[in-house]
2 protein chains.
Amino acid sequence: MSDKKILMAEKDMPQRWYNIQADLPNPLPPPIHPGTKQPIGPEMLAPIFPMGLIKQEVTTERWIDIPDPIMEALRIWRPTPLVRAERLEKALGTPARIYYKNESVSPAGSHKPNTAVAQVYYNKIEGVKRITTETGAGQWGSALSFACNVFGVECKIYMVRVSYEQKPYRKMLMHCWGGNVVPSPSPDTEFGRKVLAETPDTPGSLGIAITEAVEDAVKRDDTKYSLGSVLNHVLLHQTVVGLETKEQLKIAGDKADILIGCVGGGSNFAGLAFPFVPDKLKGQDMRIIAVEPTACPSVTRGEYRYDFGDTGHMTPLLKMFTLGHTFIPSGIHAGGLRYHGMAPLVSLLAQEKIIEAAAYRQNPVFKSAVLFARTEGAIPAPETAHAIHCAVEEALRCKAEGKAKTIVFNFSGHGHFDMASYERYFEGKLEDYEHPEAAIRKAMADVPEVP
Amino acid sequence: MSDKKILMAEKDMPQRWYNIQADLPNPLPPPIHPGTKQPIGPEMLAPIFPMGLIKQEVTTERWIDIPDPIMEALRIWRPTPLVRAERLEKALGTPARIYYKNESVSPAGSHKPNTAVAQVYYNKIEGVKRITTETGAGQWGSALSFACNVFGVECKIYMVRVSYEQKPYRKMLMHCWGGNVVPSPSPDTEFGRKVLAETPDTPGSLGIAITEAVEDAVKRDDTKYSLGSVLNHVLLHQTVVGLETKEQLKIAGDKADILIGCVGGGSNFAGLAFPFVPDKLKGQDMRIIAVEPTACPSVTRGEYRYDFGDTGHMTPLLKMFTLGHTFIPSGIHAGGLRYHGMAPLVSLLAQEKIIEAAAYRQNPVFKSAVLFARTEGAIPAPETAHAIHCAVEEALRCKAEGKAKTIVFNFSGHGHFDMASYERYFEGKLEDYEHPEAAIRKAMADVPEVP
């Protein structure tokens, strides 16, 4: 009987991150200044990011050594298990072999700490005493709070007010690790005070929270800002996921035919998939699928063009698949997938047809999540459930076609703080959002023209 | 650098449970019928338990083979890691080596599924279609719901109404695995209807819920009842924890000097400690500490005598440390430790001074839990935090005495569904309950005399 959980020894953990910028078929279009429409230089990012991370943002070096203190921090929960979903396979009656990389075993319960510990470390060694960020449902805020605690850096989190009030458990998690969380808009920033004066009852938004966190970082010399997805250096830090997975598949004597990850900003998908891309470019037969909700279908229905990364025009223009920066996705429970754009690196690979994308509705996604929980035991986060649903669909296709393919997906996070979503599903109260055609057309009209 | 996580291969999982009844210095006093005051025979338990479990309750065979289908179910999450708490050691500045056995990695988040899958299996092979149980905060109910789902057995859980309303997440977890949960008292049983008629606004109690679950099981031919702690067979199933730990300490080249577990009914403590008891009886220098809350100090302040296992006199009389079956513990957040008695096997070992006990107040316990979260990352359940606090105290003693002892404790569960307790601690709103002298004296007066 083969092992259900494919484990790795700590000594075999990847010692380097894999940088896909070394292997792109075409160079990544640079970020552009919204005023001048010219590429922006690293120095323009210096007020909000430490130089160590800015360098990682632009380098085309293939391998980047992971500093020892980051390795030490990663060892708190890594390597993570690769698990054979044999009970799910059996329930589906599929000849496919399904594996999942279990990133939910981190203290914060998701893949997010992989980049959080790296980002905090590079801030720390450049003398940064305090880091700000925004968080929606709280996955990223709790990961950064955890990482700041590891390195003894102060952490200030602007949490979208409606989530702060409706999802108190993740706020409490941040408190456990010493993070300072305030509901956004807050009286702590100029922008927050302005919004509060104009609309005292606003539920807040990720756009407002980003603006507050960046304003806070820009105004204080001891403070920088941190982002949980989208940017190149964030995706780089996540590649430990795919590098471990490759080793574990070798241990299992297996080879991936289909790789799957859900995409919001794109970091957990990229973390799993990027280290496999060189093999695909060398001719290995492999499908790589990014899964998004139909309610926020940036890759499947958006356009590949320059757009703002945020609603409030604080970021440079990024070349990416976008639904328009003024697009407001419906209130799906997979809050982490409600982003109008997509990481530029993921976008480029999609544009080049190296990866593909699929979009699913909420109810079938939750149906697969429950099937997973009732076979494999673990309760997935609603975001992760999108990857699971795609794996189920592909496994059923294998069954129909009589093909014994190997499917690997990223189990990016557990759903322990999302149980209310499951309850709504069981009560039949989840809405099934269609592709938001009209809203996308409207938002795309706001996207600036770049020559 | 030595590994932080000491892993075991699935093929090295223990294939047998260890039965401490084979190695007791004195035989275990039998359960007694409250009416006749005579020992009860196995046949009297047959209406509520399957024979496979009743046999395990009374056998003195030292090793009991674990059937393959149970091994298969355990493999969903076992073996669990033994983790070196090196960051905690460093924070304490102790020469002690601290390890924790991480039972929180199970789908239900605690050690409880170890016995749940075993119990459901033995019911299943005797044709039982449906299992009832009671649950307070929900740890046991979710574990049984998970296990029933694994073997395709129906599950009915009577959940104390106040918890059902105040801790909805665990109820939702049970739903995810297909369990049927009702608030107790419920209209589904005669006893429940009686209580509801008399006190419609009652918050419910574990005593009421037990009575409902047992009544339900007794009345239906296809249904049996299941208990999550206290009984010999439950403790037996938990010994995989200690058996794995022994192997993992060997891998680490270490030997336990101090073993620690929190005790409510006693099962997680017994699971870790029992396999080490023969070594201690053979002369190995080792302390084994059961940790309880000062609010419910059955071993440290109770008496060793026959008492009812429940408030409502449904159970036989058990010889155990008890505070009196009418004792109502204060509302501490470690709900799993609010039990007036103690497993008869644990009680006998305490009486024989083979194990010792310690009691702590809530606030210092939460202080240690936060220290643990801020060093090791993981958020402990309030119950588990009692074991952590004891480990911290012992590690500080090692520091004072300059002794490099090896301390091993059972990390019995995570606190993801207990975040509100942490928030109350941070807000300074946790009460520090003293030893409840007067309440214990009053309750002990209700304990029946057994010649």
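On a predicted model such as this, the values are computed, not experimentally measured, just so you know.

**Q** Could you give an account of empty space enclosed by the protein, naming the residues involved and the relevant values?
**A** By the definition in use, this model includes 4 cavities of 30 Å³ or more. Empty space within the largest cavity amounts to approximately 970 Å³. Sorting the residues of the lining of the largest cavity by element identifies β1 (5-6) and β5 (97-102) of chain A together with β5 (97-102) of chain B as the ones contributing at least two each. Among the residues forming the lining of the largest cavity, the class breakdown is 27 nonpolar, 14 polar and 5 charged. Put simply, the second largest cavity is a space of about 60 Å³. What lines the second largest cavity is Ala 137, Gln 139, Lys 167, Arg 170, Gly 335, Glu 383, Phe 417 and Asp 418 of chain B. Of the residues assigned to the lining of the second largest cavity, the class counts are 2 nonpolar, 2 polar and 4 charged. Counting contributing residues, the lining of the second largest cavity receives three or more from each of domain 1 (5-10 + 70-109 + 239-444) and domain 2 (44-65 + 111-232) of chain B.

**Q** Let's hear about the interface of chain B and chain A: which residues, and what values?
**A** By a widespread convention, an interface's size corresponds to the accessible area lost as its parts come together. Taken together, the contact pairs 46 residues of chain B with 47 residues of chain A. Note on chain B versus chain A: buried area summed over both sides is about 3,900 Å², and carbon and sulfur give 56% of it. Between the two partners, chain B and chain A, sit 4 salt bridges. Run the count over chain B and chain A and you get 23 residue pairs in polar contact (both at pLDDT 80 or more). If you tally residues by element for the side of chain B that touches chain A, the top one is helix α7 (residues 168-176) of chain B, at 6 residues. Of the residues in the side of chain B that touches chain A, the class split is 24 nonpolar, 7 polar and 15 charged.

**Q** Tell me about helix α18 (residues 437-444) of chain A, residues and numbers included.
**A** All names here are of chain A. Within the sequence span of α18, burial applies to Ile 440, Ala 443 and Met 444. Here the buried residues of α18 occupy an arc of 100° about the axis, which is enough to place them on one side. Those residues of α18 that are exposed and angled more than 90 degrees off the buried face are Ala 438, Arg 441 and Lys 442. Those residues of α18 that are buried lie in contact with α13 (298-301), β12 (303-308) and β13 (317-322).

**Q** Tell me about the pattern of salt bridges, and please be specific about residues and values.
**A** Throughout the structure, instances matching the rule amount to 58 salt bridges over all chains. Across the salt bridge formed by Arg 84 of chain B and Glu 89 of chain B, the nearest N and O atoms sit 2.6 Å from each other. You can call Arg 84 of chain B buried: its relative accessible area is 17%. Here Arg 287 of chain B makes a salt bridge to Glu 356 of chain B, at a shortest N to O gap of 2.9 Å. Separated by 69 residues along the polypeptide, Arg 287 of chain B in strand β11 (residues 287-293) and Glu 356 of chain B in strand β14 (residues 356-360) bring together distant segments of the chain. Residue classification places Arg 287 of chain B among the partly exposed residues on the basis of a relative accessible area of 25%. Residues participating in the shared-partner salt-bridge network are Lys 5 and Glu 86 of chain A together with Glu 10, Glu 72 and Arg 75 of chain B.

**Q** Kindly report on the relation of the copies chain B and chain A, identifying the contributing residues and their values.
**A** Superposing chain B onto chain A takes a rotation of 180° combined with a translation of 0.0 Å along the rotation axis, leaving an RMSD of 0.0 Å. In symmetry terms, the pair is related by a two-fold rotation axis. Identified as the residue of chain B closest to the rotation axis by C-alpha distance is His 416 of chain B, at 3.3 Å. The residues that chain B uses at the interface reappear at the interface of chain A in 100% of cases, marking a shared surface.

**Q** Before we move on, can you summarise the packing of aromatic side chains with the specific residues and values?
**A** One pass over the structure, following the stated rule, counts 35 aromatic pairs over all chains. Taking 5.4 Å as the distance between ring centres and 55° as the angle between the ring planes, the aromatic pair formed by Tyr 18 of chain B and Trp 63 of chain B counts as tilted. You can see Tyr 18 of chain B sitting in strand β2 (residues 16-18) and its partner Trp 63 of chain B sitting in strand β3 (residues 63-65), a full 45 residues away along the chain. When its relative accessible area of 2% is taken as the criterion, Tyr 18 of chain B is described as buried. Taking relative accessible area as the criterion, Trp 63 of chain B reaches 31% and is therefore assigned partly exposed. Taken together, Trp 17, Tyr 121, Tyr 122 and Phe 151 of chain A form an aromatic cluster joined through their ring pairs. Here Arg 84 of chain A stacks its cationic end above the ring of Tyr 99 of chain A, 5.7 Å away from the centre of that ring.

**Q** Tell me what's going on with unusual backbone geometry, and back it up with residues and numbers.
**A** The omega torsion of the bond from Arg 78 of chain A to Pro 79 of chain A falls at -5°, within 30 degrees of zero and hence cis. Relative to the helices and strands, Pro 79 of chain A resides in the loop between α2 (68-74) and β4 (82-84). Of note in this structure, Lys 353 of chain A is not a glycine but carries a positive phi near 65°. By secondary structure assignment, the location of Lys 353 of chain A is in the loop between α14 (344-351) and β14 (356-360). The exposure class assigned to Lys 353 of chain A is exposed, which follows from its relative accessible area of 70%. Even without being glycine, Val 230 of chain B reaches a positive phi, approximately 70°. Following the sequence through the fold, Val 230 of chain B ends up in the loop between β9 (223-225) and α10 (232-237).

**Q** Residue-level account of the side chain of His 340 of chain A, with values.
**A** Relative to the assigned elements, His 340 of chain A resides in the loop between β13 and α14. Of the polar contacts made by the side chain of His 340 of chain A, one reaches the backbone oxygen of Phe 308 of chain A; its length is 2.8 Å.

**Q** How would you sum up the sheet that holds β9 of chain B? Please name residues and give values.
**A** Residues and elements named next belong to chain B. The 4 strands are arranged β8-β7-β6-β9 in an open sheet whose pairing can be described as parallel. Two strands close off the open sheet at either side, each with one partner strand: β8 (180-184) and β9. Averaged over neighbouring strand pairs, the angle between their axes works out to 25° when direction is ignored. Of the strand pairs in this sheet, strand β6 (residues 130-135) and β9 are connected by 3 bridges, and their pairing is parallel. Bridge pairing in β9 places Ile 131 opposite Lys 224. Running at roughly 165° to β6, helix α5 (residues 139-151) makes contact with β6 and β7 (154-160) of the sheet.

Rules behind the numbers
Residues numbered from 1 in each chain as written. Chains lettered and ligands numbered in written order. Predicted model: local features only at pLDDT ≥ 70, side-chain atom pairs only at ≥ 80, totals over all residues. Heavy atoms only, no water. 1 Å grid on protein atoms, 1.4 Å probe; cavity = no way out; pocket = protein on both sides within 12 Å on 5 of 7 lines; lining within 4 Å. Points joined across faces, edges and corners; volume = space filled by probe spheres on them. Helix = DSSP H or I, 4+ residues; strand = E, 2+ residues; numbered from the N terminus. Nonpolar A, V, L, I, M, F, W, Y, C, P; charged D, E, K, R; others polar. Domains from an automatic or database assignment. Contact = heavy atoms within 4.5 Å. Buried area = accessible area lost by both parts, 1.4 Å probe. Salt bridge = Lys/Arg side-chain N within 4 Å of Asp/Glu carboxyl O. Polar contact = N/O pair within 3.5 Å; in protein donor to acceptor, adjacent residues only side chain to side chain. Buried < 20%, exposed > 50% of the residue type's maximum accessible area, 1.4 Å probe, protein only. Arc of directions from axis to C-beta. Least-squares fit on C-alpha atoms with pLDDT ≥ 70 in both. Phe/Tyr/Trp six-rings, centres within 6.5 Å; stacked < 30°, edge-to-face > 60°. Lys NZ or Arg CZ within 6 Å of the ring centre and 35° of its normal. Pairing = 2+ DSSP bridges. Axes fitted to C-alpha atoms, helices over the stretch in contact; angles between N-to-C directions.

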